[in-house]
Structure formats: C-alpha cells, structure tokens
Amino acid sequence: MYTIGFVLALFGLLGVALDRERLRAVRYLLAPGVVLWAASVFTQTSNWQALFGQSFRDLLFLGGAMLALRAIATLGKLAVPVGIVAVLCFAGIHRGIALNPSADTAATAESTMVTNYAPDAELLVELRPSTDSERWKRWIGAKGWTSCPAFHPQDGDRTDLDDYVMLDLPAGADLADVTQQLYAADLVDYVEPNEVIKLDILPKQDTPIGTSILGINDPEVKRQWAMKALKINELYELLTSDQVQPQRKALVAILDTGVDAQHEDLRANYRSVGKKYDNDPQGHGTHCAGIAGAVTNNGVGVASLARTDKFINITSVKALRAGGSGTQQDIINAIITATDKGADVLSLSLGGFSTQSRQRAYSEAVKYATDRGAIVVAAAGNSNRDAAGYTPVNATGMIGVSAIDSELQRAQFSNRVGKIAMAVAAPGVGVFSTKPNNTYAAHNGTSMATPFVSGLLGIMKSIRPDLTNKEAFKILDKTGIATKNTADTGRLIQPAAAVRALVARGADN
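Residues numbered from 1 in each chain as written. Predicted model: local features only at pLDDT ≥ 70, side-chain atom pairs only at ≥ 80, totals over all residues. Heavy atoms only, no water.

Participant: Requested: an account of the overall build of the protein chain, with residues and values cited.
Facilitator: For the protein chain, the count of helices and strands is 16 helices and 16 strands. Put simply, the protein chain has 509 residues, and 57% of those count as buried. In the protein chain, the proportion of contacts linking residues at least 24 apart, taken out of those at least 6 apart, comes to 75%. (Helix = DSSP H or I, 4+ residues; strand = E, 2+ residues; numbered from the N terminus. Buried < 20%, exposed > 50% of the residue type's maximum accessible area, 1.4 Å probe, protein only. Contact = heavy atoms within 4.5 Å.)

Here is the structure:
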C-alpha cells in the first residue's frame, strides 16, 4: 500500500505538471495516491519521531519530483515520454531509499550504535497471504537460502504472526541487498532484521533506607525505599478492606532469563507454566519477579505490592538465554507463549537500541496479547536517550516504564519516554529484591522499575479482569504524580490511588 500510494502520487504530479490533454485524467491519481501513502505511513510507523521523519522525507522527495517534472514540461513533444521515464526513475530511487534501514531510522538512529543480528536466522519476513509455500521454497532455494516458520500462535486466526518466517542466509550476505530482492520478488509484505537484544546490567547500588512502618514482618522491607515513594501503606490498607474484592487471581508473567521458582520469598506466589522456565542461571528474572510479586508478610525477605495472596500469581517464560541475550524471535515467541498460557500481564524488563523505525512484528505480538485481554509492559531502556528508538518499548500498544530515583528525579541512566504513546515512571535506583538461591540484592535499571508497574497492573486485573491496556494506562496516568522531570519520565505510579480509581470506575458502571 505504501509503494502503490507513492507511485500513484508521482503519476498524479506528472498529470499536474505537464498539463496535457491526454494526461488530464492522470492528475486525478494524486489524491488517492496521497491518501494511500499517508494511511500506510501512519499505520505502519510505531512512534511520532519516526512518523515525522519519514513523512518529511517523502514530502520533500515529492516536492523535488514536482520541480523536475515542471522543468520537463518545457520540452515540448518530448515532455510526455521523458516525464513518464522520469516518474519511473523517481519511483525506483524512492523505493531504494525506503528499503534502506538507515533511511527509515534517520530521526532515531545514531551512527555510533551497532546492532547485532542473529547468525542463524538474520531476517524476519512476513509472507503475503497469497504467497504459495512451494513457490517460496523454490525461490529461496535457488538462491541458497533457507527458511522456517517463525511463530506458532495458538490462535492463529486472530493474528498475522503465523505468516512470518525466519530467513537464514549464508555468511557474509548483504542484508540490505537481500531485503531489496525480497521486495522485488513480490512475495513478502514486510522484512525486518532479527535483532539481538542483550541485558544492560548496571552496577549494584547501595540501597537507600526505606521505612519499616508497614504493618508487615518482612525483615528486609527497611531496605525498600520505593515502598514509601509508592505510598504502600495506603495500598495495603485498601487491599485488606471491604472496598476491594478480587474477582480472581491474575497471572503476571516475567519474560526474562527465567525465575528461581523455589526461592523462599517467591515459591508460595509462583505458578509454573513449564518446568524449563522455573530456573534462572543469570538472576535478572528472579530479581524482577520479587519486585512484582514477592510473598508479603511471611517473615522472610522483602515485600511486594500485593499485601495478601488473593490478588496475583507470578510465572516465568524465558525470553532471554542464560547469558542475558535473546533475539527478536525469542522475545516475540515468549510474548505468544505467555499469552497462550493465560497471562494477564506480561512484564518485559529488557530492550535495546533498534535499527527499525517500525516495530511491526513486535506490535503484532503486543496486539495478539491485548486482543486476548493481556496488558504488556516494557522497560524504557538504560542509555539516557530517547526511548522511541528502543525496542520493544516503542511497539504499538505497549506501556513503557522509565526509572526515577529516591529524589523523584529521572534516573541518570533512564531513557526518556516523552515520545512513547503510553508511559509511566516507577522507582528504578537501588531496588532491593530477590536473587536465585534464597539471596537478595539491590540493582539499578528501568528493568527494576517495570515490575513495579506490572505487579500493580496484576492487582488491577484481579479486581477487574476485563481491564484493557488503554484503560489501565489512563488510570495510572491520571492518578500518578509529577516527578521532577515529568515530560521525560511520565507520571510516577501511585498504587493506592490507581486501585481506588479502578474500584470507583467499576461502581459507576
């Protein structure tokens, strides 16, 4: 639709510029062409920064084409054939620009960034529904390439994810050239690199002193300063009152390096969806799990937002490998698996810089989850940059999370979320939580901020299971409080206020 709309617009400009009787009807292609082009750019671009960059580039190109065609109009009898050839050349040049990954990301990419691609499946390809599988296999086979299905969603009728394949290329293959060949063959709808994301582990941080006036007996709560910032006393009082009655336990899935399912402070709240996910050789996932749903008031370890065991269970789906890295395919498969296992909230404390301005496959995965009633949350990233250039937080439908410190300022490392459509802030500096083998530690990162939001959303989903991602964000945003950098962080979540607003909303309906 994008290419067709742009080419129609070019031919429309030809009709306008040449103003010949026999081309009079061609000018009427301009309006539908522009409409198709604009609709495609708007629906396939994941953030406002990329939308502006691509729109500006294309409109500048059309303006230059119009000037060239007006010059061609002075050629007399040669104007029409030269004009047609020029339009075809313009279309080819523009297609080359559009297929160049650096062109799509001019507004967000930085030349110093290096992105790694999976060596065993470099490209993620969405086949056209009309593409015959045997024809596809013959075509790539002739080029020495191989492919296999990328995703296996349980509910394939509700998503295009089952149209994706992974394309494995010979060593040294030029990804840009392969991408151009794929589009030229007219067999695919979309191509994107299968990028590798690696955890950005920040140094451990001394834990600010918290508060012990919480009416609970978890010995390490004194090291959880975030509880005071989140006014946890108010939440605990609310959750144990008659005002709040959970309809069922919500399932919060930690999509990470795994979770130590036997940890003393997680075991009673943990529900396994697969034994292979119930260990954590790296430790990152276990730390996030404790923030989202450590057992509270059990006389050991730390506390979480859920005061009692009536509201949430924690589970794990591995999205990252033992070393802390994972491909785009790995992460999307984890989203699909968690959704198919019935998770209500998916918590992704992971992400990285991306060469892609349009996170199409990620956005399709988030849509698959939200269409089935789940809410997906992702870390903003730890590079002190614009989160709009980071994935998967910039996927459509995602709730992004920035990190603040104990002074309610944006953490020095936290990416800015002003251009993320739905984003909030949570504590992310010196966050004390569970680690494998019944140990505990403090860490920094938007990774730590994310499960605070995920745990709260789990409580909210237990009270109102039909709560959507957009409704949830509106409540978090409206009830949150300003930070010292609200434009860059979003509003700091206030769990008690959010639950009150949710209960009041339910009573009004």
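Next comes the rest of the write-up.
Participant: So, the packing of aromatic side chains: which residues are in play, and what are the values?
Facilitator: If you walk through the whole model with that rule in mind, you get five aromatic pairs. Put simply, the rings of W136, W139 and W145 pair up and form one aromatic cluster. Here the basic side chain of R307 rests over the ring of Y236, its NZ or CZ set 5.9 Å away from the ring centre. (Phe/Tyr/Trp six-rings, centres within 6.5 Å; stacked < 30°, edge-to-face > 60°. Lys NZ or Arg CZ within 6 Å of the ring centre and 35° of its normal.)

Participant: Let's hear about a positive patch on the surface: which residues, and what values?
Facilitator: A cluster of basic residues, K470, K474, K478 and R505, forms a positive patch at the surface. Top element by residues in the positive patch is helix α14 (residues 469-479). It accounts for three residues. (Patch = residues over 30% accessible without salt bridge, like charges linked within 9 Å, V, L, I, M, F, W, Y side chains within 5 Å. Areas by Shrake-Rupley, 256 points an atom, 1.4 Å probe, with all protein chains shown as cover. Salt bridge = Lys/Arg side-chain N within 4 Å of Asp/Glu carboxyl O. Lys, Arg positive; Asp, Glu negative; His and termini not counted. Charge placed at Lys NZ, Arg CZ, Asp CG, Glu CD.)

Participant: Which residues make up the pattern of salt bridges, and what are the values?
Facilitator: Evaluated as defined, the whole model comprises 13 salt bridges. Among the ionic pairs, R360 bridges to E126, the shortest N-O distance being 3.1 Å. Here the residue R360 occupies a position in helix α12 (residues 360-371), and E126 occupies one in strand β1 (residues 123-127), the gap between them amounting to 234 residues. Its relative accessible area of 22% is what places R360 among the partly exposed residues. A salt bridge links R128 to D186; its shortest N-O distance comes to 2.7 Å. Pair noted here: R128 is in the loop between β1 and α6 (133-142) and D186 is in the loop between α7 (175-184) and β4 (188-193), with a separation of 58 residues, a long-range link.

Participant: Could you give me a rundown of the nonpolar core, with the residues and numbers involved?
Facilitator: By size, the foremost hydrophobic cluster in this structure holds 71 residues, and its most contacted members are F452, V453, L457, I459, M460, L476 and I493. In terms of residue count, helix α13 (residues 446-463) provides more of this core than any other element does, nine residues in total. Look past the residues within four positions of F452 in its chain and what remains in contact with it is A226, L230, I291, L305, A426, P427, V431 and I493. Formed by 46 residues, the second largest nonpolar core is a distinct cluster that contains L124, L199, A334 and I336. (Core = buried A, V, L, I, M, F, W, Y, C linked by side-chain atoms within 4.5 Å.)

Participant: Help me get a handle on the sheet that holds strand β2 (residues 146-149), residues and values and all.
Facilitator: Strand order in the open sheet formed by four strands is β2-β3-β1-β4, with antiparallel pairing between adjacent strands. Looking at which strands have only one partner, the edges of the open sheet turn out to be β2 and β4. Between one strand axis and the next, the sheet turns by 30° as a mean value, whatever way the strands run. Here β1 runs beside strand β3 (residues 164-168); their pairing, made up of four bridges, is antiparallel. Residue pairing across strands places L124 opposite M166, the latter belonging to β3. (Pairing = 2+ DSSP bridges. Axes fitted to C-alpha atoms, helices over the stretch in contact; angles between N-to-C directions.)

Participant: Break down empty space enclosed by the protein for me, with residues and values.
Facilitator: Following the criterion strictly, the structure yields one cavity of 30 Å³ or more and no others. Volume-wise, the largest cavity comes out at about 70 Å³. As for the largest cavity, its lining consists of R223, Q224, W225, A226, M227, I291, G430, V431, F432 and F452. The set of elements that each furnish at least two residues to the lining of the largest cavity consists of α8 (226-229) and β15 (431-435). Taken together, the residues of the lining of the largest cavity sort by class into seven nonpolar, two polar and one charged. (1 Å grid on protein atoms, 1.4 Å probe; cavity = no way out; pocket = protein on both sides within 12 Å on 5 of 7 lines; lining within 4 Å. Points joined across faces, edges and corners; volume = space filled by probe spheres on them. Nonpolar A, V, L, I, M, F, W, Y, C, P; charged D, E, K, R; others polar.)

Participant: An account of the environment of D256 is needed here, citing residue identities and associated values.
Facilitator: Checked against the element boundaries, D256 lands in strand β6 (residues 250-256). A sequence separation of 75 residues divides D256 from I331, and the C-alpha atoms of the two residues are 8.7 Å apart.

Participant: Break down the packing of helix α11 (residues 328-340) against α12 for me, with residues and values.
Facilitator: Where α11 contacts α12, the axes come no closer than 9 Å and their chain directions differ by 10°. Classified by the interaxial angle, the pair formed by α11 and α12 is roughly parallel. On the side of α11, the interface is formed by Q328, I331, I332, I335, I336, T339 and D340, while α12 contributes A361, Y362, A365, Y368 and A369. When the residues that make up the contact of α11 with α12 are grouped by side-chain class, the tally is nine nonpolar, two polar and one charged. (Parallel < 35°, antiparallel > 145°, perpendicular 65-115°, else oblique.)

Participant: Which residues make up the pairing of β3, and what values do they have?
Facilitator: When you tally the buried positions in β3, you get four out of five residues, the bulk of the element. Across four bridges, the pairing between β2 and β3 is antiparallel. Its bridge partner being in β3, T146 is matched across the sheet by D168.

Participant: How would you sum up the environment of I331? Please name residues and give values.
Facilitator: Its location among the elements puts I331 in helix α11. Linking I331 and G351, residues 20 residues apart in sequence, is a C-alpha distance of 9.7 Å. Those residues in contact with I331 that lie beyond four places of it in its chain are I197, A319, G326, L348, L350 and Y362.

Participant: Describe in detail the sheet that holds strand β9 (residues 345-348), supporting the description with residues and values.
Facilitator: On the basis of which strands lie adjacent, the open sheet formed by six strands has the order β7-β6-β9-β11-β13-β14 and parallel pairing. The open sheet terminates on both sides in strands that have one partner only, identified here as β7 (312-318) and β14 (423-427). Averaged over neighbouring strand pairs, the angle between their axes works out to 30° when direction is ignored. Relative to strand β11 (residues 375-379), β9 is paired through four bridges, and the arrangement is parallel. Each residue of the ladder has a partner; that of L346, found in β11, is V376. Against the sheet, helix α10 (residues 284-293) engages β6 and β7, with an angle of about 155° to β6. Along the sheet face, α13 touches β6, β7, β9, β11, β13 (399-404) and β14 and points at about 165° away from the line of β11.

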